[in-house]
Amino acid sequence: DALRRAPDKVQHRRNTRSSAVPRGSPRANRRLKRDAMSDANGSPPRAMEEDDDDRRPQRSPREGRSPERKDAPARKERERDPAADIIKITDDDAAFVLGKGGATKRKIARVSGAKLEIVDLKSAGASSGMEGAEIEITGTPAARQRAKDYIGYVLSQRTGPVYIDHTMRRDDLSIVMVPMDCVGYVMGRGGQVLRDMENEWGTLMFFAKKKEDEGKDAGSDGAKVQEILAIFGTRRSRRGAELKVMSAVEHKMPGHFLDGESLRVPLDQPGDGEDDDFDYDVFPFRGDEFSYALGGRGSTRKKIASAANCILEYVGQVAFLAGNERQRAQCRDYLDWLLKQKEGEFHVDVTGRDDVATVKVPTKSVGYVTGHKGEGLRSVEASTRTFCFTNGRPPAVADDGADGADDGADDAMNDAEKDGDEEEEDNRPGAENGAKKRARSPDLPKKPRGGRGGSDDHEVVLIFGDDKDDREKARRMITDKVRDHARGGGGGGGGG
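Peer 1: Would you mind going over the overall build of the protein chain in detail, with residue names and values included?
Peer 2: Looking only at helices and strands, one finds 16 helices and 15 strands in the protein chain. Out of the 496 residues in the protein chain, the part that is buried amounts to 43%. Contacts in the protein chain between residues at least 24 apart in sequence constitute 71% of all its contacts with a sequence separation of at least 6. With an accessible surface of roughly 27500 Å², the protein chain has 48% of that area assigned to carbon and sulfur atoms.

Printed below as a string of structure tokens:
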């Protein structure tokens, strides 16, 4: 039976193969001729999966991918910038300088101001036999030198500790002495806290050992109580990172940097004391003001700093404001007004200020614009880097409702408040660098509850910020909220 069924199977395979190709085609004719020869010789036909194409000469993988001829000229080597500095490194060093996703390379380029290009010599068309990689550094001579220094420091971390002369004065270096008990806290798990500081302030930061200790036995410095933290970057970025580290250390070890409300040692880093108005002020908090001015996860502090375009960090119970004179003045005002909100409504005279925009909001729409517990204005602030709040009615005109109130924040306020905004020099220890202590405005008469804003039919929202475009964006967002509320019939509102 098996022999009788075999011809049927052979014929079925032939029919299957024949039906796979059009009849009359050259391929079909070749198959018919092959099957006829197989029958005549008594040999079985080839398996169904075989094909005439399998008998054709096969190209090499190179021939199949590229039409290049064997006699084609070799690929040219990568052209270099004649003004670039070149550093030759190993493949492992190249991977370390590159960092995860190129993060370390980008950080070095950002802090130094130079452009870095890492070239793999084996895949860049270089002459045969070349191993390792090159770092091509372009930019100004000063930027290239900084980049080479930073690359050296980074590579030193791969093989052991970094040694640095902590007494040298470089215009791109700040030194902070960190207690040994706080090093792990400042570093964070896997160095993540330090990396976050670098990303926030655009700096290069690492712990180092004193140059004079290089080559000494590791156990010989057992009595050491502080570690060197090197911070590289611009003057502003270094000051911000420095205050951030001081804040962390003071939280972990209270009293290390502060003696009450003043610094034990004044801030003194390269760039301080230049012939410009870059400086720092102090703003001590009272009672529960610290937590109120900090906000959830530091959100309120970040809002004030962003609106004033000022460095603002809290070290213990003292706020440090760093920047030029305009930025520090704005930051002091914003902090003062923020804390006055705890006591209720108050009036701000904006006459002559160039950091404010005003929006008149119908009284029926105020709750909708501010939102529940002020969340509406908080979202505007987060989107525009501004500081917003509704202005109270001037105390001098609260009883008679003068027409001038319709101009909102442009109205004058009593002379007592104006005079109370003057600053006084801080002669306490730690403020010798011209830092000014907090100047508190005198308590203002509070208006009766029930009516706030510019008049009975509208209130004025004040929008403070250092950047004009940010203030204008916030003004448009608030105006759009008022229009949306009007289209919806003017009902409801967030309250609070």
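More follows now that the structure is in view.
Peer 1: So what's going on with the sheet that holds strand β14 (residues 387–390)? Residues and values would help.
Peer 2: The three strands are arranged β13-β15-β14 in an open sheet whose pairing can be described as antiparallel. Unpaired on one side and paired on the other, β13 (356–362) and β14 mark the two borders of the sheet. For this sheet, the mean angle separating the axes of adjacent strands, direction not counted, is 20°. Summarising the sheet, β14 and strand β15 (residues 458–464) pair through four bridges and their orientation is antiparallel. Looking at β15, one finds that Cys388 is bridged to Ile463.

Peer 1: If you had to explain the sheet that holds strand β12 (residues 318–323) to someone new, which residues and values would you point to?
Peer 2: Strands sit in the order β10-β12-β11 across an open sheet of three strands; the sheet is antiparallel. Across the chains shown, the open sheet's two edge strands, defined by having one partner strand only, are β10 (279–284) and β11 (311–315). On average, each strand axis in the sheet is inclined to that of its neighbour by 25°, with strand direction left out of account. As paired elements, β11 and β12 share five bridges and run antiparallel to each other. Of the residues in β12, the one forming a bridge with Leu312 is Leu321.

Peer 1: Pulling in residues and values, what's your account of the packing of aromatic side chains?
Peer 2: Scanning all chains against the criterion turns up 17 aromatic pairs. The structure contains a cluster of three or more aromatic residues connected by ring pairs, namely Tyr334, Trp337, Phe346, Phe387, Phe389 and Phe464.

Peer 1: With reference to specific residues and values, describe the environment of Ser247.
Peer 2: Along the chain, Ser247 turns up in helix α9 (residues 235–252). A residue is classified by how much of its surface remains accessible, and Ser247, at 19% relative accessible area, is buried. Along the primary structure Ser247 and Ala319 are separated by 72 residues, whereas in three dimensions their C-alpha atoms are 9.8 Å apart. Apart from the residues within four sequence positions on either side, Ser247 is in contact with Tyr314 and Val315. Of note is the side chain of Ser247, whose polar atom sits 2.7 Å from the backbone oxygen of Tyr314.

Peer 1: Run through helix α11 (residues 299–308), naming residues and quoting values.
Peer 2: Among the ten residues that make up α11, seven are buried, leaving the element largely enclosed by the rest of the structure. The complete set of buried residues in α11 reads Thr300, Arg301, Lys303, Ile304, Ala305, Ala307 and Ala308. With its phi angle positive at about 55°, Asn309 sits one or two positions after the end of α11.

Peer 1: Explain unusual backbone geometry to me, using residue names and the numbers behind them.
Peer 2: With a phi close to 55°, Arg297 is a non-glycine residue in the positive phi region. In this fold, Arg297 is placed in the loop between α10 (289–294) and α11. With a relative accessible area of 83%, Arg297 lands in the exposed category. Its identity is not glycine, yet Arg385 carries a phi of approximately 55°, on the positive side. Tracing the sequence through the fold places Arg385 in the loop between α14 (375–384) and β14.

Peer 1: I'd love a proper account of the confidence of the model for the protein chain, names of residues and values included.
Peer 2: Residues of the protein chain with pLDDT of at least 70 account for 67%, and the chain-wide mean is 79. Summarising per-element confidence for the protein chain, the mean pLDDT is lowest in helix α15 (residues 415–420) (36) and highest in β11 (98). In the model, residues 398–434 has pLDDT below 50 throughout and makes 76 contacts with residues more than four positions away in sequence or in other chains. A low-confidence stretch, residues 442–451 stays under pLDDT 50, and its non-local contacts, those more than four residues away or across chains, total 16 contacts.

Peer 1: Quick one: what's the story with the packing of helix α5 (residues 103–112) against helix α6 (residues 141–159), residue by residue and with numbers?
Peer 2: When two helices pack together, their arrangement is captured by the angle between the axes and the distance separating the axes. Relative orientation of the contacting elements α5 and α6 amounts to 140°, with a least axis distance of 9 Å. When the axis of α5 is compared with that of α6, the two are oblique. In this structure, α5 meets α6 at a crossing whose hand is right-handed. On α6, the residues that touch Thr104, Ile108, Val111 and Ser112 of α5 are Ala143, Arg146, Ala147, Tyr150, Ile151 and Val154. Of the residues in the contact of α5 with α6, the class split is seven nonpolar, two polar and one charged.

Peer 1: Can you explain the environment of Val461? Please cite residues and give values.
Peer 2: Following the sequence through the fold, Val461 ends up in strand β15. Each C-alpha atom of the pair Val461 and Asn391 lies 6.0 Å from the other, and the pair is 70 residues apart in sequence. Those residues in contact with Val461 that lie beyond four places of it in its chain are Ala357, Thr358, Val359, Val361, Leu377, Phe389, Thr390 and Ile478.

Peer 1: Quick rundown of the environment of His458? Include the residues and the values.
Peer 2: Here His458 is to be found in strand β15. In the structure, His458 is positioned 95 residues away from Thr363 in sequence and 4.5 Å away in space, judged by C-alpha atoms.

About the criteria used
- Residues numbered from 1 in each chain as written.
- Predicted model: local features only at pLDDT ≥ 70, side-chain atom pairs only at ≥ 80, totals over all residues.
- Heavy atoms only, no water.
- Helix = DSSP H or I, 4+ residues; strand = E, 2+ residues; numbered from the N terminus.
- Buried < 20%, exposed > 50% of the residue type's maximum accessible area, 1.4 Å probe, protein only.
- Contact = heavy atoms within 4.5 Å.
- Areas by Shrake-Rupley, 256 points an atom, 1.4 Å probe, with all protein chains shown as cover.
- Pairing = 2+ DSSP bridges.
- Axes fitted to C-alpha atoms, helices over the stretch in contact; angles between N-to-C directions.
- Phe/Tyr/Trp six-rings, centres within 6.5 Å; stacked < 30°, edge-to-face > 60°.
- Polar contact = N/O pair within 3.5 Å; in protein donor to acceptor, adjacent residues only side chain to side chain.
- pLDDT = per-residue confidence, 0-100.
- Parallel < 35°, antiparallel > 145°, perpendicular 65-115°, else oblique.
- Left-handed = near helix turned anticlockwise from the far one by under 90°.
- Nonpolar A, V, L, I, M, F, W, Y, C, P; charged D, E, K, R; others polar.

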